[in-house]
Amino acid sequence: MASPKTNPLESNVVPFIPRRLAVDASVVVKWYVAEDRSREARALERFGNLLAAPDFLAVELASIAWKKARLEQIEPQHAALIAAPEALSPIELVPSGPLTAAAFACATELDHPVYDCLYLACAVHIGGMLITADDRFVRAVAGSPYTRFVRRLGSPLPV
């Protein structure tokens, strides 16, 4: 009995596995406003990843939209669309309250604002990674025990 032939190209193919990813406002705003790394931000949603964020994301995203409209970087109507609840539809919003103690501990350890650490606490809570375009936060986490939970937008994810 002959063995089935295998395609040598198929043996090198690594199947895509959706990941649990926390995303912050620096990533989500790029879905709606053309900025550096917008293509990479949109790819996170398109490739079937399971996205989550603390419910605080709604407030932070609305604030960013307001600021961009105020600075005349986008039209007020565009800002209103970004601030609408539908803008967050592909994201599972996690209640911030239960994450606050962990975010505070992280902020204290890193000497970095609780707001950013809330997203990191969410990533740990969902058993995933935080994807951020906030280079300052990536630098703050570098070398800490939290490094394995944070990736800069556009950086390769571990297999």
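Worth saying up front: this structure is predicted, and the values here are computed from it rather than measured.

1. Side note on the pairing of strand β2 (residues 50–54)
When you tally the buried positions in β2, you get four out of five residues, the bulk of the element. With three bridges connecting them, strand β1 (residues 20–23) and β2 associate as parallel partners. Residue pairing in the sheet places leucine 21 in a bridge with leucine 51 of β2. The pairing of β2 with strand β3 (residues 91–94) spans four bridges and is parallel. The residue of β3 that forms the bridge with proline 54 is valine 94.

2. Considerations on the packing of aromatic side chains
The full count for this structure, using the stated rule, is two aromatic pairs. A centroid spacing of 5.4 Å and a plane angle of 20° characterise the contact between phenylalanine 56 and tyrosine 115, whose relative ring orientation is stacked. Here phenylalanine 56, found in helix α3 (residues 56–70), pairs with tyrosine 115, found in helix α6 (residues 114–126); they are 59 residues apart in sequence, far enough to count as distant. Residue tyrosine 115 is classed as exposed on the basis of its relative accessible area, which comes to 54%.

3. Quick look at helix α5 (residues 100–110)
Taken as a whole, α5 has its buried residues at Ala103, Cys106, Ala107 and Leu110. Relative to the axis of α5, the buried residues are bounded by an arc of 100° and lie together on one face. Facing away from the buried side of α5 by over 90 degrees, the exposed positions are Ala101, Phe104 and Thr108. Each element contacted by the buried residues of α5 is listed here: α6 and α7 (135–141). Positive backbone phi, approximately 55°, marks aspartate 111, located one or two places after α5.

4. Things to note about the pattern of salt bridges
Tallied over the full model, the rule gives seven salt bridges. The residue glutamate 92 makes a salt bridge to arginine 20 at a minimum N-O spacing of 3.4 Å. One end of the pair, glutamate 92, is in strand β3; the other, arginine 20, is in strand β1, with 72 residues separating them in the sequence. Residue arginine 20 is classed as partly exposed on the basis of its relative accessible area, which comes to 32%. For arginine 37, the salt bridge is made with aspartate 36, and the minimal N-O distance between the two is 3.7 Å.

What counts, and at which threshold
- Residues numbered from 1 in each chain as written.
- Predicted model: local features only at pLDDT ≥ 70, side-chain atom pairs only at ≥ 80, totals over all residues.
- Heavy atoms only, no water.
- Buried < 20%, exposed > 50% of the residue type's maximum accessible area, 1.4 Å probe, protein only.
- Helix = DSSP H or I, 4+ residues; strand = E, 2+ residues; numbered from the N terminus.
- Pairing = 2+ DSSP bridges.
- Phe/Tyr/Trp six-rings, centres within 6.5 Å; stacked < 30°, edge-to-face > 60°.
- Arc of directions from axis to C-beta.
- Contact = heavy atoms within 4.5 Å.
- Salt bridge = Lys/Arg side-chain N within 4 Å of Asp/Glu carboxyl O.

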